[in-house]
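Structural features, examined
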Amino acid sequence: MVPLSSGRFAAIRLQPGEDPLAALRALQRRTGAAAMALVTYVGSLTRAVIRHANRDEASEYRGHFEITALTGTIDPAGQHLHLTIADAEGRAFGGHLLPGCEIYTTAEIVVLILDDLGFARAPCPLSGHDELIVRPAP
């Protein structure tokens, strides 16, 4: 059976200079959520730190970028978040959101807190990475 959960929404707005990942981690701690999912996340960045697919190292982008998508899951011990940004020419860059990004003008965020679930991560023999484990909340 697939674990189901009712949920509560939380919405916040970030200010210039804030780190999106730090803000999401703080929101998780403030709410005590054992399972969170991003519903929407729009705004802009002056610094983006992304780990692209099949890379171990981070790529840093400086300038003015629109956040066109940020999606993923958050649990008490970690997160799996994918960011896509676009520059003034419309070129898009994306990958794993890493610490050190900086908001340019704003970020508008809505998350879903899944009260009846708990998220964790564990090694997966198929992928070779820590992957999401979904459990009913205790």
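Residues numbered from 1 in each chain as written. Predicted model: local features only at pLDDT ≥ 70, side-chain atom pairs only at ≥ 80, totals over all residues. Heavy atoms only, no water.

Focus on the pairing of strand β7 (residues 117-123)
Rules: Paired strands, as defined in this entry, are two strands with at least two bridges between them according to DSSP. Helix numbering and strand numbering both begin at the N terminus, where a helix is a DSSP run of H or I of at least 4 residues and a strand a DSSP run of E of at least 2.
As paired strands, β7 and strand β8 (residues 130-136) are joined by 7 bridges and run antiparallel to one another. Pairing of alanine 122 across the sheet is with glutamate 131, part of β8. Where β7 folds back onto β8 in an antiparallel hairpin, the turn is made up of 6 residues, including glycine 128, whose phi is positive at roughly 80 degrees.

A word on the pattern of salt bridges
Which entries qualify depends on this criterion: Salt-bridge detection follows one rule: a side-chain nitrogen of Lys or Arg within 4 Å of a carboxyl oxygen of Asp or Glu. Between buried and exposed lies partly exposed: a residue is buried under 20% and exposed over 50% of the maximum accessible area for its type, with that area taken using a 1.4 Å probe on protein chains only.
One pass over the full model with this rule turns up 6 salt bridges. Between arginine 121 and aspartate 75 there is a salt bridge, with its nearest N and O atoms 2.9 Å apart. Here the residue arginine 121 occupies a position in strand β7, and aspartate 75 occupies one in strand β3 (residues 59-75), the gap between them amounting to 46 residues. Overall, aspartate 75 belongs to the buried group, its relative accessible area being 2%. Because the salt bridges share partners, they merge into one network encompassing Arg47, Glu60 and Arg62.

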